[in-house]
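# Secondary and tertiary structure notes
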Amino acid sequence: FVYDKFCSWFIELSKNILHGNDEAAMIRRASVLKYSYRQIVTLLHPITPFITEELWSHLKESKEDLLIIQDYPEYDETLNFSNDQEMMNKFIEVITSLRNLRSSLNLKPKEEINASLFTDQKELIEFFKNTEKGFEDLARVKSLTVQTKDLARPTKSVMKATTHTEVFIPLDGSIDLTEQIKKLEKDLGKTEKEIEKLDKKLSNEKFISNAKDEVIAKVKEEHSDLTEKKNSIVENLENFKS
């Protein structure tokens, strides 16, 4: 959590806010960062007491005592923002897809791109639009469009399908699409194998009889998501080959 989610994502997404002109947003983000850092240091204290006590001396309020006598953090249901977490996980997945597509095109780190996202989840569309600056900061996206899947896709593009969003980077005529077609076909084969495994599980009477309802429901949901991903890849392959 500390190395990946907190440092690689939350701190990176906070930099422009902390150096921006919106003072209210700056104070709000700094407060969340400080709260999170205090909790992290407290959680780590039994493992690395010397370094965490030193860090605490810079984080604590003037009236607070040493970290060693502070209460250890406990789970707080009021801080369980499951929907926000789900949205952010999907954002991270799309950013990772864009970075992988950039890498497949051998684009330079500072080279900007246009990106098109297609999803049928209305809440996710709004989230992506409201997080446009994050796409610019973390994937060098200079122009972002977010649309529903009933609209036309870019015909000459590299594409990555997640279980919720189709990610496109339009190409110019100088790039050979052959390699991109091979990658999509490889991804299609992998997705079909995953669907086949779930098909076997769902057709297994022993599994259906013994598994809990929530487990069966989760497998069915995964099957549905993968099927949607497969359909997205197939459609994009058809566009490339036409």
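Predicted, not measured: the structure shown is a model, and the values here were computed from it.

### Observations concerning the packing of helix 1 (residues 2-18) against helix 6 (residues 132-139)
Each packed pair of helices is defined by two parameters, the angle between the axes and the distance between the axes. Relative orientation of the contacting elements helix 1 and helix 6 amounts to 110°, with a least axis distance of 10 Å. Here helix 1 is positioned roughly perpendicular relative to helix 6, judged by the angle of their axes. On helix 6, the residues that touch Trp9, Glu12, Leu13 and Asn16 of helix 1 are Lys133, Gly134, Asp137 and Leu138. Residues of the contact of helix 1 with helix 6, tallied by class, amount to 3 nonpolar, 2 polar and 3 charged.

### Regarding unusual backbone geometry
The backbone of Arg140 sits at a positive phi, close to 55°, despite the residue not being glycine. Taking the relative accessible area as the measure of exposure, Arg140 reaches 32% and is therefore partly exposed.

### Here we look at the packing of aromatic side chains
Overall, the coordinates contain 6 aromatic pairs when judged by the stated rule. With a centroid separation of 6.4 Å and an interplanar angle of 75°, the aromatic rings of Phe91 and Phe127 are classed as edge-to-face. With Phe91 in helix 4 (residues 82-104) and Phe127 in helix 5 (residues 122-130), this residue pair connects regions lying 36 residues apart in the sequence. Considering the side-chain rings of Phe118 and Phe168, the 5.4 Å spacing of their centres and the 80° angle between planes classify their relative orientation as edge-to-face. Taken together, the residues span a long stretch of sequence, with Phe118 in strand 1 (residues 113-118) and Phe168 in strand 4 (residues 166-170) at a distance of 50 residues. Residue Phe168 is classed as buried on the basis of its relative accessible area of 1%. Taken together, Phe91, Phe127, Phe128 and Phe135 form an aromatic cluster joined through their ring pairs. Seen from the ring of Phe118, Arg153 lies directly overhead, with NZ or CZ sitting 4.9 Å from the centre. The ring of Phe207 carries Lys201 above its face, with NZ or CZ at 5.7 Å from the centroid.

### Here we look at a nonpolar patch on the surface
On the surface, Tyr35, Leu79 and Phe81 cluster together to form a nonpolar patch covering roughly 310 Å² of accessible area. The residue Phe81 is located in the loop between helix 3 (49-59) and helix 4 in this model.

### Some details on the environment of Ala30
Inspection of the secondary structure puts Ala30 in helix 2 (residues 23-44). Assessed through its relative accessible area of 36%, Ala30 is described here as partly exposed. Taking C-alpha positions, Ala30 is 7.2 Å from Leu18, a pair spaced 12 residues apart along the chain.

### Looking at the sheet that holds strand 2 (residues 141-147)
The strand order 2-1-4-3 describes an open sheet built from 4 strands, whose pairing is mixed. Either end of the sheet is taken by a strand with one partner, and the two such strands are strand 2 and strand 3 (157-161). Across the sheet, the axes of successive neighbouring strands diverge by a mean angle of 20°, strand direction being ignored. Where strand 1 and strand 2 come together, 6 bridges link them in parallel fashion. When the sheet's bridge partners are listed, Leu117 is paired in strand 2 with Val146. Here helix 4 sits on the sheet in contact with strand 1, strand 2, strand 3 and strand 4, set at roughly 35° to strand 4.

### A word on helix 1
The first and last C-alpha atoms of helix 1 sit only 20 Å apart over 17 residues, clearly below the 24 Å expected at 1.5 Å per residue. Its axis deflected by about 35° at Ile11, helix 1 carries its strongest bend there. Residues of helix 1 that are buried make contact with helix 2, helix 4 and helix 6.

Parameters at a glance
- Residues numbered from 1 in each chain as written.
- Predicted model: local features only at pLDDT ≥ 70, side-chain atom pairs only at ≥ 80, totals over all residues.
- Heavy atoms only, no water.
- Axes fitted to C-alpha atoms, helices over the stretch in contact; angles between N-to-C directions.
- Helix = DSSP H or I, 4+ residues; strand = E, 2+ residues; numbered from the N terminus.
- Parallel < 35°, antiparallel > 145°, perpendicular 65-115°, else oblique.
- Contact = heavy atoms within 4.5 Å.
- Nonpolar A, V, L, I, M, F, W, Y, C, P; charged D, E, K, R; others polar.
- Buried < 20%, exposed > 50% of the residue type's maximum accessible area, 1.4 Å probe, protein only.
- Phe/Tyr/Trp six-rings, centres within 6.5 Å; stacked < 30°, edge-to-face > 60°.
- Lys NZ or Arg CZ within 6 Å of the ring centre and 35° of its normal.
- Patch = residues over 30% accessible without salt bridge, like charges linked within 9 Å, V, L, I, M, F, W, Y side chains within 5 Å.
- Areas by Shrake-Rupley, 256 points an atom, 1.4 Å probe, with all protein chains shown as cover.
- Salt bridge = Lys/Arg side-chain N within 4 Å of Asp/Glu carboxyl O.
- Pairing = 2+ DSSP bridges.
- Expected span 1.5 Å × (residues − 1).
- Bend = angle between axes of the 7 residues up to and from the residue.

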